[in-house]
Amino acid sequence: MKKTKTFPEQKQNLPGNEHLMYPEPEIMRENYVGSGKLLGKVAFITGGDSGIGRSVAVHFAREGANIAIVYLKEDKDAKDTKALIEKEGRECLLISGDLKDEKFCKNAIKKCHTYFKKINIVVNNAAIQFPQTELEDITATQLHKTFETNIYPYFYITKAALPFLQEGDTIINTSSVTAYRGSEHLADYASTKGAIVSFTRSLSTMLAKRKIRVNGVAPGPIWTPLIVATFDKLSDFGKDNPMERAGQPSEVAPAYVFLACEDSSYISGQFIHINGGEMIGG
Ligand code: NAD
Ligand code: MG
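One numbering rule holds for all chains: residues counted from 1, following each sequence as written. All chains are assigned letters beginning at A, and all ligands numbers beginning at 1, according to the order in which they are written. Local features in this predicted model are restricted to residues whose pLDDT is 70 or higher, and side-chain atom pairs enter the listing and the counts only when it is 80 or higher, whereas totals over whole chains, interfaces and linings include all residues. Derived side-chain values reflect all non-hydrogen atoms in the structure, with water molecules and hydrogen atoms excluded from consideration.

Caption draft 1: Structural detail: the overall build of the chain. In terms of helices and strands, the chain carries nine helices and seven strands. Atoms considered for the radius of gyration are the C-alpha atoms alone. The globule rule reads 2.2 Å times the number of residues to the power 0.38. Since a compact globule built from 282 residues should have a radius of gyration of about 19 Å, the 17 Å found for the chain is in line with a globular shape. Taking the principal axes of the C-alpha coordinates as reference, the chain spans close to 45 × 40 × 35 Å. Working definition: with a 1.4 Å probe on protein chains only, accessible area under 20% of the residue-type maximum means buried, over 50% means exposed, and in between means partly exposed. When each of the 282 residues of the chain is scored for burial, the buried share is 54%. In this description, contact between two residues means that some pair of their heavy atoms is separated by no more than 4.5 Å. If you take every contact in the chain between residues at least 6 apart in sequence, the share linking residues at least 24 apart comes to 78%. Under the convention used here, a 1.4 Å probe and the Shrake-Rupley method define accessible areas, while residue burial counts only the protein chains that appear. With an accessible surface of roughly 12,800 Å², the chain has 53% of that area assigned to carbon and sulfur atoms. A residue counts as positive if it is Lys or Arg and as negative if it is Asp or Glu; His and the chain ends are not included. Each charge is placed at NZ for Lys, CZ for Arg, CG for Asp and CD for Glu. Considering the chain, the positive charge centre built from 34 side chains and the negative charge centre built from 33 side chains are found 6 Å apart. Secondary structure elements are defined from DSSP: runs of H or I of at least 4 residues count as helices, runs of E of at least 2 residues count as strands, and each element is numbered from the N terminus.

The following block contains the structure:
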């Protein structure tokens, strides 16, 4: 892939990214039927304003959960997501702020707990990426920002949420196919996604005795604002897997429902690979 936008001159996280997208991502397939799998639960989802996080939020709501979503500053996207959740007859708490800040993470969890009186599902999902084809172009500033955004908050949020989580509750982390096969243009991002796999495995073992399950999803190319904001050439996006197409958020979120609910009661420390059929070890 040719070199794309250079850090920090890119559109990532500008308000309203969702509306730069054509066609718009599919949030939920038309015939998705909820069956109360998450009835009465409260889910806390980072990066829930758009893309995969939004789709997860709406699926969880259709399955009966109330939702808190954290986003950086995309107020319009967040309000649209809230409206979709309310259309499902559920409540949505919007929390805007920077996950790089541990104090913010603590407060965000506290806000969610104060509002809903419980937290049952934590979805760590927010991320950024800055494509570079040459290692020498990955500056220390970019490296820090990528790690501070993509992996540190998984620790901050989980630490803050743990006192509220109880037996049967779940944590779901978003990694990427790049964690498993590497990426020639996203070396720093792929490294953070690898760290997320190791974090998930470690945490799942740590929390087994508390009967809290920790799993993850490793998406391949999925049509979201992150892609539109960071890659210049979009026509080939997702074409190099066996299905020869990018996936939709609507094809990813049902895996989060599975991992969040009792259907996956004997599964912990695992990743579901949603990538158009690419063979991945682990
Ligand atoms: P997205 O841009 O729609 O969602 C990411 C969200 O993260 C943003 O909306 C933003 O609000 C939030 N965010 C970023 N930095 C933040 C910060 N400092 N503080 C608070 N919030 C912040 O993109 P997406 O593609 O839906 O990404 C969701 C997850 O899926 C990410 O972890 C990404 O790495 C992963 N993923 C995506 C793809 C893909 O092809 N789209 C592939 C593999 C993995
Ligand atoms: Mg967004």
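Caption draft 2: Spotlight on the coordination of the magnesium ion (ligand 2). Here the magnesium ion (ligand 2) is held by Asp49 (OD) and Ser50 (OG), and the distances to it run 2.2 to 2.3 Å. On the basis of relative accessible area, aspartate 49 is assigned to the buried category, the value being 4%. Metal donors: N, O and S atoms at distances within 2.8 Å, or within 3.2 Å for Na, K and Ca, with water omitted from the atom set so that some sites may seem incomplete.

Caption draft 3: Expanded view of the nonpolar core. Counting 31 residues, the largest nonpolar core has Phe44, Ile95 and Ile171 as its most contacted members. Elements with a minimum of two residues in this core: strand E1 (42–46), strand E2 (66–71), strand E3 (92–96), helix H3 (102–116), helix H5 (152–161) and helix H7 (187–207). Of all the elements, H3 adds the most residues to this core, at six residues. In contact with isoleucine 95, not counting residues within four places along its chain, are Phe44, Ala68, Ile69, Val70, Tyr71, Phe104, Ala108, Lys111 and Cys112. In terms of nonpolar packing, the next biggest core, distinct from the first, is built from 30 residues, Tyr32, Ile45, Val56 and Cys92 among them. Buried Ala, Val, Leu, Ile, Met, Phe, Trp, Tyr and Cys residues that are joined via side-chain atoms within 4.5 Å together make up what is termed a nonpolar core.

Caption draft 4: Geometry of the site of ligand 1. Near ligand 1 lie 31 residues; those nearest to it are Asp49, Ser50, Asn125, Tyr189 and Thr224. As used in this structure description, the phrase polar contact means that two N or O atoms lie within 3.5 Å; if the pair is within protein, one of them must be able to donate a hydrogen and the other to accept it, and residues adjacent in sequence are counted only when both atoms belong to side chains. One of the backbone nitrogen or oxygen atoms of asparagine 125 is found 2.7 Å away from an oxygen atom of ligand 1. Contact distances for ligand 1 include 2.8 Å between an oxygen atom and a side-chain N or O atom of lysine 193. With the chains in place, 98% of the 810 Å² that ligand 1 exposes on its own is no longer accessible. For the shell around ligand 1, the secondary-structure elements that each account for two or more residues are helix H1 (51–62), H7 and helix H8 (225–230). The dominant element in the shell around ligand 1, judged by the number of residues it contributes, is H8, at three residues. Each residue gets one of three labels, nonpolar for Ala, Val, Leu, Ile, Met, Phe, Trp, Tyr, Cys and Pro, charged for Asp, Glu, Lys and Arg, and polar for the others, Gly among them. Residues that form the shell around ligand 1 fall into these classes: 15 nonpolar, twelve polar and four charged. Only heavy atoms are used to decide nearness, and a residue is near a molecule or strand if one of them lies within 4 Å of it.

Caption draft 5: The packing of aromatic side chains, seen in detail. Pairing of aromatic side chains here covers Phe, Tyr and the six-membered ring of Trp, requires ring centres within 6.5 Å, and sorts the geometry by plane angle: under 30 degrees stacked, over 60 edge-to-face, intermediate tilted. Summed over the entire model, instances satisfying the criterion amount to five aromatic pairs. Aromatic pair tyrosine 152 and tyrosine 156: ring centres 6.5 Å apart, planes at 65°, arrangement edge-to-face. Placement of the pair is tyrosine 152 and tyrosine 156 together in helix H5, with a separation of four residues, close to one helical turn. Given a relative accessible area of 38%, tyrosine 152 falls into the partly exposed group. Its relative accessible area of 18% is what places tyrosine 156 among the buried residues. Between phenylalanine 231 and phenylalanine 237, the aromatic rings sit 6.2 Å apart at their centres with planes inclined by 40°, giving tilted as the arrangement. Since its relative accessible area comes to 6%, phenylalanine 231 is described here as buried. Judged by its relative accessible area of 14%, phenylalanine 237 falls in the buried class.

Caption draft 6: Structural detail: H3. Given a helix with a known number of residues, its expected span is that number minus one, times 1.5 Å. In a regular helix each residue adds 1.5 Å, so 15 residues correspond to 21 Å; H3 covers 21 Å between its end C-alpha atoms and thus fits that length. For H3, the complete set of buried residues consists of Phe104, Cys105, Ala108, Ile109, Cys112 and Phe116. Buried residues of H3, viewed axially, fall in a sector of 135°; they line one side. Every exposed residue of H3 that faces more than 90 degrees away from the buried side is listed here: Lys103, Lys110 and Thr114. Elements that come into contact with the buried residues of H3 comprise E1, E2, E3 and H5. The opening residue of H3, the one whose side-chain oxygen lies 3.0 Å from the backbone nitrogen of lysine 103, is aspartate 101. One or two positions beyond H3, positive phi appears at lysine 117, with a value near 70°. This arc is built from the directions going out from the helix axis to the C-beta atoms.

Caption draft 7: The arrangement of the pattern of salt bridges in detail. Every case where a carboxyl oxygen of Asp or Glu lies within 4 Å of a side-chain nitrogen of Lys or Arg is listed as a salt bridge. Within this structure, the stated rule accounts for nine salt bridges. The residue lysine 76 makes a salt bridge to aspartate 80 at a minimum N-O spacing of 2.9 Å. You can see lysine 76 and its partner aspartate 80 sitting in helix H2 (residues 75–87), four residues apart, about one turn around the helix. On the accessibility criterion, aspartate 80 (24% relative accessible area) is partly exposed.

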